[in-house]
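As a plain string of letters, each chain reads:
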Amino acid sequence: SSGINAEYGGKELCKFLLNHLCADVNLEAPWPDNAAIKAAIERDLNVLKAFNETPILWNIFEEALSTKNSDLVVIVRAMIVVLISFWSSSRVKTCSESPSHLENTIKLLDLLSRIEWLPPPLLNISQIIPVISPFEAMNLLYEICNHFKLHAPHMSSVPVTKYQNSLKDTVCLIVQNNIESVGVTAFLFARWGISSGGV
């Protein structure tokens, strides 16, 4: 049947991605702590490099994630580790000055939003990334990493609704610090008590 074929195809996609990107990865490894994040290992760097060199992997990855295969979390983890490591050492004023890593950050956040691994209203968070600083991007991704430690990415059709206060506080602070640049986009985060003020 079509349902069986779709399930088989999904499993094959997952197998392809894991064998191609993370053949030697420990699927049971925990979300990394701060020290591990700052020392992104070569394997994690190679994961993001593969996506940069072969953009269609983003489409394959999203399709594979729709199968709810929990093993694919390791790819998300690798991407977050690399992006946090990069933004933590970046010296540009805003993320828009590093177009390649900006694009990767936005793509990852948009993907996590579409598969509903991020809690609302974080679903729109990618829209403010171009105007924030690398330090703020690092803090945001680090809090998302902490979020996944506390609320493991789900493999069901139920959207994520729980989140820790530190994630909310980080988003609020970033939006408020960049309110002039964010402008009316701040209304997307109104449920967390953020407004565009006089903008």
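That block above? That's the structure.
Each residue is numbered by its place in its chain's sequence as written, counting from 1. Reporting in this predicted model follows two pLDDT cut-offs: at least 70 for local features of residues, and 80 or more for side-chain atom pairs to be given and counted; totals over whole chains, interfaces and linings ignore these cut-offs and use all residues. Excluded from the side-chain calculations are hydrogens and water; all other atoms, namely the structure's heavy atoms, are used.

(A) Inspection of the overall build of the protein at higher detail. A count of helices and strands for the protein gives 9 helices and 0 strands. Secondary structure follows DSSP: runs of H or I at least 4 residues long count as helices, runs of E at least 2 residues long count as strands, and numbering of each begins at the N terminus. Listing each helix as α and each strand as β along the protein from the N terminus yields α-α-α-α-α-α-α-α-α. Buried positions account for 47% of the 199 residues belonging to the protein. Should any heavy atoms of two residues lie within 4.5 Å, those residues are considered in contact. Intrachain contacts of the protein at a sequence separation of at least 6 include 72% that bridge at least 24 residues. For the protein, the computed accessible surface area is about 9,900 Å², with 53% contributed by carbon and sulfur atoms. Think of it in three bands: residues with accessible area under 20% of the maximum for their type are buried, residues over 50% are exposed, and the middle band is partly exposed, with areas taken using a 1.4 Å probe on protein chains only. For the accessible areas, the method is Shrake-Rupley and the probe is 1.4 Å, while residue cover comes only from the protein chains on display.

(B) Expanded view of helix 3 (residues 42–53). Over its 12 residues, helix 3 runs 16 Å from end to end, which matches the ideal 16 Å to within 8%, given 1.5 Å per residue. Turning to helix 3, its buried residues number three or more, namely Asp44, Val47, Leu48, Ala50 and Phe51. The buried residues of helix 3 occupy one face: seen down the axis, they fall within an arc of 150°. Projecting away from the buried face of helix 3 at angles above 90 degrees are the exposed residues Glu42 and Glu53. An expected span of 1.5 Å times one less than the residue number is assigned to each helix. Think of the arc as the fan of directions from the helix axis to the C-beta atoms.

(C) Region of the structure containing the packing of aromatic side chains. For Phe, Tyr and Trp, rings pair up if their centres lie within 6.5 Å, where Trp contributes its six-membered ring, and each pair is then called stacked (planes under 30 degrees apart), edge-to-face (over 60) or tilted (otherwise). Per the stated rule, a full pass over the model turns up 4 aromatic pairs. Taking 5.0 Å as the distance between ring centres and 65° as the angle between the ring planes, the aromatic pair formed by phenylalanine 51 and tryptophan 58 counts as edge-to-face. Ring plane angle 80° and centroid distance 6.1 Å describe the contact between tryptophan 117 and phenylalanine 148, whose orientation is recorded as edge-to-face. Taken together, the residues span a long stretch of sequence, with tryptophan 117 in the loop between helix 6 (99–114) and helix 7 (134–150) and phenylalanine 148 in helix 7 at a distance of 31 residues. One exposure class covers both tryptophan 117 and phenylalanine 148, and it is buried.

(D) Structural context of the pattern of salt bridges. Each reported salt bridge corresponds to a side-chain nitrogen of Lys or Arg within 4 Å of a carboxyl oxygen of Asp or Glu. Counted under the stated rule, the structure contains 4 salt bridges. Among the ionic pairs, glutamate 53 bridges to lysine 49, the shortest N-O distance being 4.0 Å. Of this pair, glutamate 53 and lysine 49 are both found in helix 3, 4 residues apart, which corresponds to roughly one turn of the helix. The exposure class assigned to glutamate 53 is exposed, which follows from its relative accessible area of 57%. For lysine 107, the salt bridge goes to glutamate 103, with nearest N and O atoms at 3.2 Å. Highlighted residues: lysine 107 and glutamate 103, both in helix 6, separated by 4 residues, approximately one helical turn. Residue glutamate 103 is classed as partly exposed on the basis of its relative accessible area, which comes to 43%.

Coordinates in, geometry out; function isn't part of it.
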